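Here is what each chain is made of, one letter per residue.
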Amino acid sequence: MRTPAVEIANLTVAYHNKLVLWNVNCTIEQGAMVAIVGPNGAGKSTLLKTMLSLVHPIAGTINLLGYSHKKLLHTIAYVPQRSLVDSDFPVTVLDVVLMGTYKSLGWFKRPGKKEYDATYAAIAAVGMHDYAHQPIGQLSGGQQQRVFVARALVQNAQMYMLDEPFIGIDKTTEQIISSLLKKEQEKGKTILIVHHDLHTVASYFDAALLINKSAIAYGPLQMSFTPENVQKTFNYASPSDISGYRL
Ligand SMILES: Nc1ncnc2c1ncn2[C@@H]1O[C@H](COP(=O)(O)OP(=O)(O)OP(=O)(O)O)[C@@H](O)[C@H]1O
Ligand SMILES: [Mg+2]
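Predicted model only: the values in this text are computed from it and were never measured.

A. Summary view of the overall build of the chain. From N to C terminus, the chain includes 9 helices and 10 strands. Against the 2.2 N^0.38 benchmark of 18 Å for 247 residues, the chain shows a C-alpha radius of gyration of 18 Å, consistent with a compact globule. Over its C-alpha atoms, taken along the principal directions, the chain stretches across nearly 50 × 40 × 40 Å. Looking at the chain residue by residue over its 247 residues, the buried ones come to 52%. As displayed, the chain offers around 12100 Å² of accessible surface, 53% of which is attributable to carbon and sulfur atoms.

So, in C-alpha cells, the structure goes:
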C-alpha cells in the first residue's frame, strides 16, 4: 500500500481555551480529491491551518507522505479563505503568481524563462491574461481569487489545500479551476478543498471529510456524503432540511 498523503491522529486544537477541533482522525490516500464540508465555525479552516503549521494543536499528530507535516510544508500549495487585498498594495498579478515559483526555485535565484512561462500559462488558465500587469488590489474579489489559484498552480506542489476557493467566482471560472485541479489530481497530486456548496460536491469530488469540531465521516462519497451524515454535521432537524442535494 502507498504511503497515505495525510494521516491525522487524535488531533485536538484550541484557541486560548476554546476547543475548536476534537480528536480528529483521518487518513487520506495520495491522489484523492477531497471536499472538506461542515457549517460555519466547524473548524475547517483551522484544520487546514493546523496541517500548514500556522496553528499548533494541543494534542495529536499530522503526517504528510509519511513525515511529520512540519517537514513537508514546502510541498503544499495553499489558497487561504478569501480576504481582499488592499487597493494600494503595490504588486501586480504577474508578481503574485511568479512568487508561487519561488518555493521550488529557492528564494535567492531569479526566475528565468521557465518560471515566467509557467506563470503566464497559469494566469491565462484562470482567464486573467488581460490583467497580468494590473495591481492585484485593483481587481474584483473573484478576480483576486483566480490569481491566488494561479499562484497555487505554479508551485509544483505535491498537495493542494484550498479554503473555499470558489467563493465569489462565477460558475464558468469555477468549472475551469475545478478541471485544472482535476488535471493535477491525475498527476497524482492530493487535493483538499473546503467546499460549502453541497450541490456540487458530487460533481467535483470523489471523497468527503464531514466535520463539525470532530470528524463525522470520511471516505468515498457513497460512504461519507450520505443524507444522515450531512444531517449530523449540520445539525439539521430532519433530512428534508437538506434542500435537494444528491449524489
Ligand atoms: N484566530 C482565532 N482565535 C480565536 N478563535 C478562532 C480563531 N480562528 C477561528 N476561531 C474560532 O474557531 C472556530 C472554528 O473556526 P474556523 O475558522 O476553523 O471555522 P470554519 O469551519 O472554517 O468556518 P467558516 O465556514 O465560517 O469559514 C470558530 O468558532 C472561530 O470563531
Ligand atoms: Mg473557514
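The discussion continues.
B. A look at the sheet that holds strand S9 (residues 207–212). Pairing in this open sheet of 6 strands is mixed, and the strands run S6-S7-S8-S3-S9-S10 from one edge to the other. Only two strands of the sheet have a single partner each, and these edge strands are strand S6 (76–79) and strand S10 (214–220). Between one strand and the next, the sheet's axes are offset by a mean angle of 15 degrees, whatever the strand orientation. Direction of pairing for S9 relative to S10: antiparallel, over a ladder of 6 bridges.

C. Quick look at the pattern of salt bridges. Per the stated rule, a full pass over the model turns up 5 salt bridges. Ionic pairing is found between Asp 170 and Arg 146, a salt bridge with its closest N-O pair at 3.3 Å. With Asp 170 in the loop between strand S7 (159–163) and helix H6 (171–186) and Arg 146 in helix H5 (residues 141–153), the pair connects residues that are 24 residues apart, well separated along the chain. Look at Asp 170 and you get partly exposed, because its relative accessible area is 38%. Its relative accessible area of 15% is what places Arg 146 among the buried residues. Three or more residues joined by partner-sharing salt bridges are found here, namely Glu 184, Lys 187 and Lys 189.

D. Spatial organisation of the sheet that holds strand S2 (residues 18–28). Spatial strand order, S2-S1-S4-S5: 4 strands in an open sheet with antiparallel pairing. Looking at the sheet topology across the chains shown, the edges are occupied by S2 and strand S5 (67–68). Bridge analysis of strand S1 (residues 6–15) against S2 gives 7 bridges, and the strand direction is antiparallel. In the sheet register, Ile 8 faces S2, and the bridge partner there is Cys 26. Along the sheet face, helix H1 (residues 44–51) touches S1, S2 and strand S4 (59–64) and points at about 115 degrees away from the line of S1.

E. Up close: the nonpolar core. The biggest cluster of nonpolar side chains holds 45 residues, and the ones touching the most others in it are Tyr 160 and Leu 181. Ranked by the residues each element gives to this core, the list is headed by H5, at 6 residues. When we break this core down by domain, the ones giving at least three residues each are domain 1 (1–72 + 192–247) and domain 2 (74–157). In contact with Leu 181, not counting residues within four places along its chain, are Met 33, Leu 153, Tyr 160, Leu 162, Ile 191 and Ile 193.

F. Inspection of the domain arrangement of the chain at higher detail. Domains assigned within the chain are domain 1 (1–72 + 192–247) and domain 2 (74–157). On a C-alpha basis, the centroid separation for the pair domain 1 and domain 2 is 27 Å. Each partner contributes residues to the interface: domain 1 has 9 residues there, and domain 2 has 5 residues. Taking both partners together, domain 1 and domain 2 bury about 560 Å²; carbon and sulfur atoms supply 65% of that area. The largest share of the area that domain 1 buries against domain 2 comes from Ser 45, Leu 52 and Leu 72, three residues that together contribute 64% of it. Seen at the junction of domain 1 and domain 2, the total is 0 salt bridges. The element contributing the most residues to the side of domain 1 that touches domain 2 is H1, with 4 residues. Looking at the side of domain 1 that touches domain 2 residue by residue, the classes come out as 6 nonpolar, 1 polar and 2 charged.

Parameters at a glance
- Residues numbered from 1 in each chain as written.
- Chains lettered and ligands numbered in written order.
- Predicted model: local features only at pLDDT ≥ 70, side-chain atom pairs only at ≥ 80, totals over all residues.
- Heavy atoms only, no water.
- Helix = DSSP H or I, 4+ residues; strand = E, 2+ residues; numbered from the N terminus.
- Rg over C-alpha atoms; globule rule 2.2 N^0.38 Å.
- Buried < 20%, exposed > 50% of the residue type's maximum accessible area, 1.4 Å probe, protein only.
- Areas by Shrake-Rupley, 256 points an atom, 1.4 Å probe, with all protein chains shown as cover.
- Pairing = 2+ DSSP bridges.
- Axes fitted to C-alpha atoms, helices over the stretch in contact; angles between N-to-C directions.
- Salt bridge = Lys/Arg side-chain N within 4 Å of Asp/Glu carboxyl O.
- Contact = heavy atoms within 4.5 Å.
- Core = buried A, V, L, I, M, F, W, Y, C linked by side-chain atoms within 4.5 Å.
- Domains from an automatic or database assignment.
- Buried area = accessible area lost by both parts, 1.4 Å probe.
- Nonpolar A, V, L, I, M, F, W, Y, C, P; charged D, E, K, R; others polar.

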